[in-house]
Amino acid sequence: MQAHTCYVTEDFCGFVELVKTNAETISTCILNKLRELGFDLTRLRGQGYDGCSTMTGEVSGVKTRITQELSNAKYFVHCRSHCLNLVVVNSCQSVAVVRNFMAILWKITWFISASSKRKNIVKSVMKDEGQIAIQFDLMYDQEEGLFSQEKRLLPTLAETRWTSRTDTLTWLLKHYDKVLDILDEIQNQTVGNSDATSYKMTLLNFEILVVAVVTQFLLGYLRPLSIELQSENCDLVEAHVQARSLAASFLEIREHAE
């Protein structure tokens with residue numbers, strides 16, 4: 001640190017295997033690993049985790065146990081990106097049609113992606129659609145990248161990152177006819193009953209298509225803020241400004257909806 005200059009440095013220290021996942025084991029492993037790496041724990045001031053009781057419990061959670069041992073480490077911050085994710089989850093779960101659609105989308109993505117044979121069918125159907133991407137875990141920095149993505153496999157859904165579902169919805173809407181062809185081909189190559197036909201009929205339902213379009217549209221507004229909160233150079237003031245602007249945008253959309 002230079003004189004009068006402060007900056008945040010973020011480093012990955014490694015993984016630690018846990019024999020148990022209770023608060024006592026986790027807190028002990030964290031402190032032992034930090035000591036092993038040579039950190040002066042008397043200078044530890046803050047902790048940041050998700051909001052589960054094991055990590056944040058006031059009586060015997062990880063943060064409480066560490067604070068009891070290191071009294072200066074008393075400042076706790078709930079991961080802001082995870083907070084945003086929880087807001088999105090609770091909002092979507094409170095709207096029945098969106099909740100049901102997300103459940104259907106989850107089933108379809110895993111139905112297609114959980115089998116190497118079905119993945120090969122996807123590659124075959126999508127062979128003229130762009131570059132192969134077996135894994136899809138990318139957050140685009142620019143909004144215009146949403147519909148220009150060159151991905152041949154259907155992205156699966158992440159429970160812990162609902163805002164990333166925009167990518168899955170965008171892929172689905174961009175390749176809607178191809179997805180129907182994929183499901184047809186899966187059914188043709190399946191001996192006996194298959195869920196492919198059922199999933200195809202679901203996607204042909206007009207209400208499902210409307211929900212998909214509206215959900216993708218709204219989740220798209222959340223992506224820049226989600227990206228900002230996950231950025232190594234996250235500016236909390238800028239993130240706060242974006243959050244207020246996002247809330248104002250949603251309010252305007254609601255007031256002017258026709």
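Quick note: structure is the one above.
What you are looking at is a predicted structure, and each value in this text was computed from that prediction instead of being measured.

### Describing helix α9 (residues 196-203)
- Taken together, the buried positions of α9 are A196, Y199, K200 and L203. The buried residues of α9 occupy one face: seen down the axis, they fall within an arc of 100°.
- Summarising the contacts, the buried residues of α9 are in contact with α5 (96-113), α8 (176-188) and α10 (206-230).

### Considering the layout of surface pockets
- Here the largest pocket is characterised by a volume of approximately 2,000 Å³.
- Lining of the largest pocket is provided by 42 residues; of these, T9, E10, D11, G46 and G48 occupy positions nearest its centre.
- Within the residue set of the lining of the largest pocket, elements represented by two or more residues are α1 (23-36), β1 (46-49), β2 (75-78), α4 (80-93) and α10.
- Within the lining of the largest pocket, the residues separate by chemical class into 24 nonpolar, 9 polar and 9 charged.
- Lining the second largest pocket are 23 residues, and of these S91, L218, L222, F250 and R254 lie nearest its centre.
- Elements supplying a minimum of two residues to the lining of the second largest pocket: α4, α5, α10 and α11 (236-255).
- The leading source of residues in the lining of the second largest pocket is α10, at 8 residues.
- Looking at the lining of the second largest pocket residue by residue, the classes come out as 20 nonpolar, 2 polar and 1 charged.

### A short note on the side chain of T56
- Counting through the fold element by element, T56 comes out in helix α2 (residues 53-56).
- On the basis of relative accessibility, which here comes to 14%, the residue T56 falls in the buried class.
- Filtering out sequence-adjacent residues up to four positions away, T56 remains in contact with D50, G51, K63 and F76.

### Observations regarding the packing of aromatic side chains
- Scanning the entire structure with this criterion turns up 6 aromatic pairs.
- Judged by centre distance (5.2 Å) and plane angle (65°), the rings of F12 and F15 are edge-to-face.
- A ring pair is formed by F111 and Y199, whose centres lie 5.2 Å apart and whose planes are at 65°; its orientation type is edge-to-face. In this pair, F111 is assigned in helix α5 and Y199 in helix α9, connecting sequence segments 88 residues apart.
- For F111, a relative accessible area of 9% puts it in the buried group.
- Exposure remark for Y199: the relative accessible area of 13% places this residue in the buried category.
- Joined through ring pairs, the aromatic side chains of F217, Y221 and F250 make up one cluster.
- Sitting over the face of the ring of F76, K63 holds its NZ or CZ atom 5.6 Å from the ring centroid.

### Regarding the pattern of salt bridges
- Under the counting rule described, the total for this entry stands at 4 salt bridges.
- Here E69 makes a salt bridge to R35, at a shortest N to O gap of 2.6 Å. Taken together, the residues E69 in helix α3 (residues 62-69) and R35 in helix α1 connect sequence positions 34 residues apart.
- Given the relative accessible area of 40%, R35 is considered partly exposed.
- Between E58 and K63 there is a salt bridge, with the nearest N and O atoms lying 3.1 Å from each other.
- Overall, the relative accessible area of 62% leaves E58 in the exposed class.

### Thoughts on the nonpolar core
- I112, I182 and L183 are the most contacted members of the largest nonpolar core, which has 35 residues in total.
- Counting residues per element, the ones that place at least two in this core are α4, α5, α6 (116-125), α7 (165-174), α8, α9, α10 and α11.
- The residues touching L183, leaving out its near neighbours within four places in the chain, are F111, I112, A196, Y199, K200 and L203.
- Among the nonpolar cores identified, the runner-up in size contains 11 residues, and L31, L41, M55 and A73 belong to it.

The rules behind the values
- Residues numbered from 1 in each chain as written.
- Predicted model: local features only at pLDDT ≥ 70, side-chain atom pairs only at ≥ 80, totals over all residues.
- Heavy atoms only, no water.
- Buried < 20%, exposed > 50% of the residue type's maximum accessible area, 1.4 Å probe, protein only.
- Helix = DSSP H or I, 4+ residues; strand = E, 2+ residues; numbered from the N terminus.
- Arc of directions from axis to C-beta.
- Contact = heavy atoms within 4.5 Å.
- 1 Å grid on protein atoms, 1.4 Å probe; cavity = no way out; pocket = protein on both sides within 12 Å on 5 of 7 lines; lining within 4 Å.
- Points joined across faces, edges and corners; volume = space filled by probe spheres on them.
- Nonpolar A, V, L, I, M, F, W, Y, C, P; charged D, E, K, R; others polar.
- Phe/Tyr/Trp six-rings, centres within 6.5 Å; stacked < 30°, edge-to-face > 60°.
- Lys NZ or Arg CZ within 6 Å of the ring centre and 35° of its normal.
- Salt bridge = Lys/Arg side-chain N within 4 Å of Asp/Glu carboxyl O.
- Core = buried A, V, L, I, M, F, W, Y, C linked by side-chain atoms within 4.5 Å.

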